[in-house]
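# Geometric and topological summary
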Protein chains: 2
Amino acid sequence: MISKPVTIKDVADKACVSYQTVSKVINGKVQVSKETESRIWQAIEELGYRPSHTARSLRSKRTHTIGYSWPPTPQDQENPILDQFLQSMFLAAERGGYYLLAFPHHSEYGNLLDAYSELIVTGRVDGFILSSIDYDDPRINFLLERKFPFVAFGRSNPDLKFPYIDVDGGEGLAMAIHHLLEQGHQRIATLAWPETSRVGNNRLEGYFRALASAGISISNEWIARGEGSFSFGYSATCHWLDLPAGDRPTAIVALCDIMAIGAMQAARDRGIRVGTDLAITGFDNGPMAKYFTPPLTSLHQPVWEIGDRVINMLLTILEGKDPDPYCELLLPQLIIRESSIGWK
Amino acid sequence: MISKPVTIKDVADKACVSYQTVSKVINGKVQVSKETESRIWQAIEELGYRPSHTARSLRSKRTHTIGYSWPPTPQDQENPILDQFLQSMFLAAERGGYYLLAFPHHSEYGNLLDAYSELIVTGRVDGFILSSIDYDDPRINFLLERKFPFVAFGRSNPDLKFPYIDVDGGEGLAMAIHHLLEQGHQRIATLAWPETSRVGNNRLEGYFRALASAGISISNEWIARGEGSFSFGYSATCHWLDLPAGDRPTAIVALCDIMAIGAMQAARDRGIRVGTDLAITGFDNGPMAKYFTPPLTSLHQPVWEIGDRVINMLLTILEGKDPDPYCELLLPQLIIRESSIGWK
């Protein structure tokens, strides 16, 4: 006896729902209660129903898959926002019936674009999420030219028009400066990235703006530019702390936590107390920031919200609509801890 | 005039390679030079050739996709190995012509298994990588029953037979204990996880073994079990440090860095110098461990190798072969820093 092929109707009968509900649940097109969904998947499994994803993709011309790639963190550093960003995107994608396809981020542009090209050409993904956006980021023009859907976490040059969510790093730095001005600081140095860094320049703009609006002239000597590492933060701070007392900065704002942690170590090695003798602030509010001695004041990015929103913007685009807003800057939050208070 | 459809032969001619090479590159079945690969993708793009992935999947019954999900890190903690583990898997998968599909890790087992079930039933993935393996992990039996390919980073109960790579955490703890014994310590406490923790018990076994083989009897009072958090490490250490001087432990081995960091803070708050007065070691060697004061001795897991090997084992299984070895324990490396040396 040959058994009859299992149909979607059989599944619906067994799960006590309509066949439209089964179809919609399989295709991620509807939200039902967790109990109903569980019952449907159980029925599908027990009956051995096989609604092939690939066959459905071929019919719908949709893969229900979003591509995402990010540059690996150097082994001696942490990526304090990676897990939250990924998890928030997974959940937002799941709600829309989508999955994330992750692929390696090759450091050479040619190889990097090949990876995007391959995913497009082989019909593997319906769109991309980009992050770590540079000036003239080649991925932006590559995808714009192909009219291939994408949303970015991060801006690029103002002349490039594309949908993004970014954190207003400049406003973040301005918050840190205002906080330091309130504590009485006037000589505020900054540990910054090179001038080619788009994120660095966005953040630094707030440093210039906040000090200028307080009528404080800025000395070039107090802007140290280098790679965002512990050792750069350490050595630049040593240089400042070796200046005659009257010429030293009394506060340092760093564009990332790890440079601030290097600065704290430089102070400690000279017997200078962080907080009371020298204020230091970071950016990113990594999970470890609060456990340093003293705990580090830092700027917290709304990572969960960003992950959720970039996916929802992309899903809107995939439905053929324009996301509203098309671009948006979210404010970071200044988390004040002992490293920047108690100055005497 | 209707244009002739572009064939794989046209692509091969334009890229000056054989059509077999084009086919193999598209299917990720061969390694060619980056220049050749780039030339092929360029030709595919310029000619507008569309080797649909879904059509190929339907023919080959392969999705060339591996599913992976992991529990989100609590927002106040870091996952010190996530980025390296993911990146090493991406590259190993890419070399085999595979991609990783990431999906959310639901904390309820029912919902968690539904997610795996959905990916199997809809033919989305060819296999899974599992991590964060518990005792009687329901995913193991679920996949074994379905004979669905998977490889785990982590063990479970000894009676469950499945392919895995794990770190020999017990041997790691034994290394830490030997190091402390060499420094002259005899009273060594441990910050451990609850008895239900599979990873915790694997690690703790080395604590018991190393102390027993040194002829040191173990006091139950020196085994503190709780969640792997800063605050648990802090409070358990405070309790020990409040004992009369002769009853206090002189060294503490923690099963994870964050508990060790809590212990360091407890010592500092009591004016006890970490290293010279009290030795402390961690586990994971997170990127921040070396930046604490003093830098934290910790056990480093060979994460890159693990990511590479679990993928290669899975690819072997997908080719219908048994990986050799089928299970393996890799040794962690003890990174000795100031938190555990200089005891007087």
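In this text the structure is predicted, and so the values were computed from the model without any measurement.

Attention now moves to the overall build of chain A. Across its full length, chain A holds twelve helices and twelve strands. With the C-alpha coordinates aligned to their principal axes, the bounding extent of chain A is approximately 95 × 40 × 35 Å. Here chain A, with 344 residues, has 47% of them falling under the buried criterion. Across chain A, the fraction of contacts at a sequence separation of at least 24, relative to all contacts at a separation of at least 6, is 72%.

Here the focus is the domain arrangement of chain A. Residues and elements named next belong to chain A. Segmentation of chain A into domains returns domain 1 (8-51), domain 2 (65-167 + 302-331) and domain 3 (169-301 + 334-340). For domain 2 versus domain 3, the separation of C-alpha centres amounts to 30 Å. Facing 13 residues of domain 2, the contacting portion of domain 3 comprises eleven residues. Of the residues belonging to the side of domain 2 that touches domain 3, the class tally is eight nonpolar, two polar and three charged.

Burial of strand β2 (residues 99-102) of chain B is two-sided: the residues Tyr99(B) and Leu101(B) facing one way and the residues Leu100(B) and Ala102(B) facing the other way are all buried. Across three bridges, the pairing between strand β2 (residues 99-102) of chain A and β2(B) is antiparallel. Residue Leu101(A) lies in a different strand from β2(B), and its bridge partner there is Leu101(B). Of the pairings in the sheet, the one linking strand β1 (residues 65-68) of chain B to β2(B) comprises four bridges and is parallel in character. Bridging from a neighbouring strand, Gly67(B) pairs with Leu101(B) of β2(B). For the handedness criterion, the β-α-β arrangement of β1(B), helix α5 (residues 82-95) of chain B and β2(B) is classed as right-handed.

Quick look at the sheet that holds strand β1 (residues 65-68) of chain A now. Taken in spatial order, the twelve strands of this open sheet run β11(A)-β5(A)-β4(A)-β3(A)-β1(A)-β2(A)-β2(B)-β1(B)-β3(B)-β4(B)-β5(B)-β11(B), and their pairing is mixed. With partners counted over all chains shown, the strands left at the sheet margins are β11 (327-330) of chain A together with β11 (327-330) of chain B, one partner each. In this sheet, adjacent strand axes meet at a mean angle of 20 degrees when their direction is disregarded. One ladder, built from three bridges, connects strand β3 (residues 127-130) of chain B with strand β4 (residues 150-153) of chain B; its direction is parallel. By the bridge assignment for β4(B), Phe128(B) is matched with Phe150(B). Most of the contacts of α5(B) go to β2(B), to which it runs at about 135 degrees, and overall it touches β2 of chain A together with β1, β2 and β3 of chain B.

In this section: the relation of the copies chain A and chain B. Relative to chain B, chain A is turned by 180 degrees and slid 0.0 Å along the rotation axis, the superposed coordinates differing by an RMSD of 0.1 Å. Seen this way, the second copy is the image of the first under a two-fold rotation axis. Taking C-alpha positions as reference, the residue of chain A nearest the rotation axis is Leu101(A), located at 2.2 Å.

Where the parts come together, the accessible area they lose is often given as the size of the interface. Taken together, the 55 residues of chain A in the interface contact 54 residues of chain B. For the side of chain A that touches chain B, the secondary structure elements donating two or more residues are α3 (34-47), α4 (53-60), α5 (82-95), β2, α6 (109-121) and α11 (257-269) of chain A. Looking at the side of chain A that touches chain B, the element that brings in the most residues is α5(A), giving eight residues. Residue composition of the side of chain A that touches chain B, by class: 24 nonpolar, 19 polar and twelve charged.

So, on to the pairing of β1(B). Residue and element names in this part refer to chain B. Taking every second residue as pointing to the same face, both faces of β1 are buried, with Thr-65 and Gly-67 on one and Ile-66 and Tyr-68 on the other. Where β1 lies against β3, three bridges are found, and the strand directions are parallel. Looking at β3, one finds that Ile-66 is bridged to Gly-127.

Counted at 1.5 Å a residue, the expected span for α5(B) with its 14 residues is 20 Å, and the 20 Å between its end C-alpha atoms agrees. The buried fraction of α5(B) amounts to ten of the 14 residues, a majority that puts the element mostly inside the structure. Among all positions of α5(B), only Asp83(B), Gln84(B), Phe85(B), Leu86(B), Gln87(B), Ser88(B), Met89(B), Phe90(B), Ala92(B) and Ala93(B) are buried. Among the structural elements, α5 and β2 of chain A together with β1, β2, β3 and α12 (303-318) of chain B are those in contact with the buried residues of α5(B). Positive backbone phi, approximately 80 degrees, marks Gly97(B), located one or two places after α5(B).

Time to look at the nonpolar core. Of all hydrophobic cores here, the largest spans 100 residues; its most connected members are Ile66(A), Leu100(A), Ile129(A), Ile66(B), Leu100(B) and Ile129(B). Look past the residues within four positions of Ile66(B) in its chain and what remains in contact with it is Ala93(B), Tyr98(B), Leu100(B), Leu101(B), Val125(B), Asp126(B), Gly127(B), Phe128(B), Ile129(B) and Leu314(B). Core analysis: the second largest hydrophobic core is formed by 95 residues, Ala176(A), Ala254(A), Tyr207(B) and Ile252(B) among them.

The next point concerns the environment of Leu191(B). Residues and elements named next belong to chain B. On the secondary structure map, Leu-191 appears in strand β6 (residues 188-192). Leu-191 sits in the buried class, given 30 other C-beta atoms within 10 Å. When near neighbours in sequence (up to four residues on either side) are disregarded, Leu-191 contacts Ala-224, Gly-233, Ala-236, Ile-252, Ala-254, Leu-255, Met-259 and Ala-263.

Thresholds, definitions, all that
- In this numbering scheme, every chain counts its residues from 1 along its sequence in written order.
- Ligands are numbered from 1 and chains lettered from A, in the order in which they are written.
- The model is predicted, so local features are restricted to residues of pLDDT at least 70 and side-chain atom pairs to those at 80 or more, both for listing and for counting; the totals for chains, interfaces and linings are taken over all residues.
- Runs of E in the DSSP output that reach at least two residues are strands. Runs of H or I that reach at least four are helices, and both are numbered from the N terminus.
- Exposure is read from a count of other C-beta atoms within 10 Å of each residue's own; the residue is exposed at 12 or fewer, buried at 20 or more and partly exposed in between. C-beta atoms are placed from the backbone.
- Here the contact rule is simple: place C-beta atoms from the backbone, and any two residues whose C-beta atoms are within 7 Å are in contact.
- By convention here, the domain bounds are inherited from an automatic or database domain assignment.
- In the scheme used here, Gly and all other residues not listed as nonpolar or charged are polar, with Ala, Val, Leu, Ile, Met, Phe, Trp, Tyr, Cys and Pro taken as nonpolar and Asp, Glu, Lys and Arg as charged.
- Strands are treated as partners if at least two bridges between them are detected by DSSP.
- A right-handed crossover is one whose linking path, passing over the helix from the first strand to the second, runs clockwise when the strands point away from the viewer.
- Inter-axis angles, ranging from 0 to 180 degrees, are taken between N-to-C directions of lines fitted to C-alpha atoms, where helices are fitted over the stretch in contact.
- A residue counts toward the fit only if its pLDDT is at least 70 in both copies, and the copies are then superposed by least squares on the C-alpha atoms of those residues.
- Any helix carries an expected span of 1.5 Å times its number of residues minus one.
- Under the definition applied here, buried Ala, Val, Leu, Ile, Met, Phe, Trp, Tyr and Cys residues are grouped into a nonpolar core through C-beta atoms within 7 Å.

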